[in-house]
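One-letter residues, chain by chain:
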Amino acid sequence: MENDAWIIDRPSLGEYSPDCLRWERRASARPKEGEVLVKTLLISLDPTSRNWLKLEKSSAYLPLAIGSVMIGQAVGIVVESRSAHFTPGDMVKGMWGWERYSLAQPMFIERFELNPTIPLEAHLSIFSHVGRAAAIGLFEIGQMGPDDVVVVSGAAGATGSLAAQLAKARGNRVIGVAGGPEKCRLLINEFGLDAAIDYKTEDVAAALARLCPDGINVYFDNVGGAILDAVLSNMAIGCRIAVCGAMSQYDLASSNNAYGCVNFPQVLFRRATIRGFVVPDFSSRLTEFDDILERHYQHGQIRHRAHVVDGLEMAPEALRHVLRGSNDGKLMVRVASI
Ligand code: NAP
């Protein structure tokens, strides 16, 4: 079978540029013992895709190098299997290459059943690393309790919007931080948050002080930088900060532009806990978080938005959306239809 793939041509340092990837047409590989050949339907484009393209050891989930096929979370169908755990026709999601046909390792994929009440895109936008990060960050890292005041940054994005909705579904007071009046309206009108702060036009620290007079109990951080600093000066005693991402620091033209938090001593004064996490840390407990997501989804308490770009060839260019905040929902590329 003919295959098309995006190959890493050079590390992407400084501001992201799509020409760090090159398009290659080549024959599709055949699975070796234990491997599975998957036909790709959807590929998730994530802020972390940008980080992986730096080819820094610390940000890599799997070893990537010049000449590797770029990888990401994806949804597809097994077309050939030499694994006892998968058969042709199985629907799968997990991690494999940015290519039409990809060899997947069984330890990085999972089977799922098609369900008429769950659109295919939701297997990237909710029932995926995105929803799992929202649930883990809120309940496991943030240890959210019933009376906690919760603040979420990147709140109109894929992960933030789910974390914010999960907290609302549990009855908590939730404040979202997002860029621009349209995204702030979305937070209130579509996701039902109690308040929204537009970090592009408002003084975030002053707005948090006004909206959270008794302090913030849980902060779900997607962005780091100046917004994290504003939260540090508005924490309640014993605040928990779940560091899910640091969007504001991923695509700097130079490391000299990195933001240094001046309010960090408040972690001591307010006896706060700040903890980073990645979803694979919880791989043995994923069904626990999936059950939470499924329950709230089936009760209509969490909504998802998918921003679907058509065509594998568009992937490197489309990745710019997540860095500019111009995606309207979980960003993904449609490679093929079922
Ligand atoms: P997304 O849908 O693209 O949302 C990211 C949001 O960040 C955008 O809506 C954008 O909205 C905001 N943003 C971008 N640059 C910003 C800046 N300089 N300052 C403030 N906000 C900025 O992406 P996502 O998939 O939800 O990912 C969000 C974060 O979660 C990322 O940092 C990602 O790495 C992380 N993540 C972590 C895990 C994990 O396992 N820890 C799993 C999934 C995702 P505005 O227009 O409002 O700026």
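We now turn to the structure provided with this report. (Residues numbered from 1 in each chain as written. Predicted model: local features only at pLDDT ≥ 70, side-chain atom pairs only at ≥ 80, totals over all residues. Heavy atoms only, no water.)

1. Regarding the environment of Asp203
Among the secondary structure elements, Asp203 is positioned in the loop between strand E10 (195-198) and helix H6 (204-211). Expressed as a C-alpha distance, the spacing of Asp203 and Ile227, which sit 24 residues apart in the sequence, is 9.7 Å. At 3.1 Å, the side chain of Asp203 forms a polar contact with the backbone nitrogen of Ala205. (Helix = DSSP H or I, 4+ residues; strand = E, 2+ residues; numbered from the N terminus. Polar contact = N/O pair within 3.5 Å; in protein donor to acceptor, adjacent residues only side chain to side chain.)

2. Considerations on the site of the ligand
Ala158, Thr159, Gly179, Lys183 and Tyr199 are the nearest of the 25 residues found near the ligand. Here an oxygen atom of the ligand and a side-chain polar atom of Tyr199 are 2.5 Å apart. Between the ligand and the protein, one listed contact pairs an oxygen atom with a side-chain N or O atom of Asn222 at 3.1 Å. Protein burial of the ligand: of its 910 Å² of free accessible surface, 90% is covered by the chains. For the shell around the ligand, the secondary-structure elements that each account for two or more residues are helix H3 (129-141) and helix H4 (158-169). In terms of residue class, the shell around the ligand is built from 15 nonpolar, 9 polar and 1 charged. When residues of the shell around the ligand are assigned to domains, at least three map to each of domain 1 (2-125 + 304-334) and domain 2 (130-282 + 290-296). (Near = heavy atom within 4 Å. Areas by Shrake-Rupley, 256 points an atom, 1.4 Å probe, with all protein chains shown as cover. Nonpolar A, V, L, I, M, F, W, Y, C, P; charged D, E, K, R; others polar. Domains from an automatic or database assignment.)

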